[in-house]
Amino acid sequence: MIAAAMFAASSQANAAITQADWKVAGDGAITRDTSSNLEWLDVSVSINQSFNYVSTQFGAGGLYSGFRYATGDEVATLFTNAGLNFTYSSSSSDATKVNSLISLVGATSNTNEFFRSSLWTRGIAIQTPFDYNPGTGNYQTTEARIYTEVQSFGPSFTMYTAATSVIRGAWPIQTAQSDVGSWLVRNAAVSPVPAPAAAWMFAAGLPLIGAFVRRRKA
């Protein structure tokens, strides 16, 4: 929750990107974009699972019941709403923004070498909800990724890299990879607006008023 608060404060976008729970309290596996009214399941939850397998898990009782594959455009909108309005940057502040989103949607890989460290989120999406080829039985899939890299060359020189990309092309639908998950999304639930307490009190008092009037007439 602290990471979500820091992220919302640092984002340049007007959208509120927040963290929520999925199955159990405290799992923090949902990222909610209140601008698009979409909820995103952590990409890291579905790593090493193929498009074909994940697609069988959306129905009742499935691992991802209620979710669906996001489109590449929806992922790009999430990046924009999170303040990632660039495809490549060497700015440390942009790297911080990317790291903040990765902390919410889940890293799928990270490396730490002698002078270099990197953090990635890579996931499968689809191009459009209807982009399906009945001849091959394949969806036209997309890979969307964000990553940061920090290279330190001594105490006085550090190089930052931040990048976002939505690669529209065919991701093999039968391929499962240990550093690639899926961008899964669902519509956020809309909570009913509670009636003011005074209205409830008035409604509760109507039967009493009616009974009093009837007694007076009698």
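Further up the page is the structure itself.
Summary of the structure given here. Owing to the predicted nature of the structure, the values given are computational and were not obtained by experimental measurement.

Cut-offs applied
- Residues numbered from 1 in each chain as written.
- Predicted model: local features only at pLDDT ≥ 70, side-chain atom pairs only at ≥ 80, totals over all residues.
- Heavy atoms only, no water.
- Helix = DSSP H or I, 4+ residues; strand = E, 2+ residues; numbered from the N terminus.
- Buried < 20%, exposed > 50% of the residue type's maximum accessible area, 1.4 Å probe, protein only.
- Contact = heavy atoms within 4.5 Å.
- Patch = residues over 30% accessible without salt bridge, like charges linked within 9 Å, V, L, I, M, F, W, Y side chains within 5 Å.
- Areas by Shrake-Rupley, 256 points an atom, 1.4 Å probe, with all protein chains shown as cover.
- Salt bridge = Lys/Arg side-chain N within 4 Å of Asp/Glu carboxyl O.
- Phe/Tyr/Trp six-rings, centres within 6.5 Å; stacked < 30°, edge-to-face > 60°.
- Core = buried A, V, L, I, M, F, W, Y, C linked by side-chain atoms within 4.5 Å.
- Pairing = 2+ DSSP bridges.
- Axes fitted to C-alpha atoms, helices over the stretch in contact; angles between N-to-C directions.
- Expected span 1.5 Å × (residues − 1).

## Some thoughts on the overall build of the protein
Counting its regular elements, the protein contains five helices and 13 strands. The buried share of the protein, reckoned over its 218 residues, is 38%. Within the protein, counting contacts between residues at least 6 apart in sequence, those at least 24 apart form 62% of the total.

## Description of a nonpolar patch on the surface
On the surface, a nonpolar cluster with roughly 560 Å² of combined accessible area is contributed by F114, F115, F153, F157 and M159. Counting through the fold element by element, F157 comes out in the loop between β10 (141–152) and β11 (158–168).

## Focus on the packing of aromatic side chains
Think of a pair of aromatic rings as described by two things: how far the centres are apart, and how the planes are tilted against each other in angle. Overall, the coordinates contain six aromatic pairs when judged by the stated rule. Consider the rings of F51 and Y69, whose centres lie 4.5 Å apart with planes at 25°: the pair is stacked. Of the two residues, F51 is situated in helix α2 (residues 51–55) and Y69 in strand β4 (residues 68–69); the sequence distance between them amounts to 18 residues. The pair F51 / Y69 is uniform in exposure class, with both members buried. Ring plane angle 80° and centroid distance 5.8 Å describe the contact between F58 and Y69, whose orientation is recorded as edge-to-face. Separated by eleven residues along the polypeptide, F58 in the loop between α2 and β4 and Y69 in strand β4 bring together distant segments of the chain. What makes Y69 buried here is its relative accessible area of 5%. Each residue in the set W40, F79 and W183 is aromatic and connected to the rest through ring pairs, giving one cluster.

## Comments concerning the nonpolar core
Residues W40, V75, L84 and W183 are the most contacted members of the largest nonpolar core, which totals 23 residues. Listed by contribution, the elements that provide at least two residues to this core are β3 (38–41), α3 (72–81), α4 (92–105) and β10. At six residues, α4 tops the list of elements feeding residues into this core. Ignoring any residue separated from it by four or fewer positions in sequence, one finds W40 in contact with A29, I30, T31, D33, A70, E74, V75, L78, W183, L184 and V185.

## A closer look at the sheet that holds β3
The sheet built from five strands is open, its strands ordered β1-β2-β3-β13-β4 with antiparallel pairing. At either margin of the open sheet sits one strand with a lone partner, and together these are β1 (17–20) and β4. The sheet contact formed by strand β2 (residues 30–33) and β3 spans four bridges and is antiparallel. Looking across to β3, one finds that I30 is bridged to L41. Packing against the sheet, α3 makes contact with β1, β2, β3, β4 and β13 (184–187), and its axis sits at approximately 100° to β3.

## Some details on α4
An ideal rise of 1.5 Å per residue puts 20 Å on 14 residues; α4 measures up with 20 Å between its terminal C-alpha atoms. For α4, the set of buried residues is D94, A95, K97, V98, S100, L101, I102, L104 and V105. Downstream of α4 by one or two residues, G106 has phi in the positive range, about 95°.

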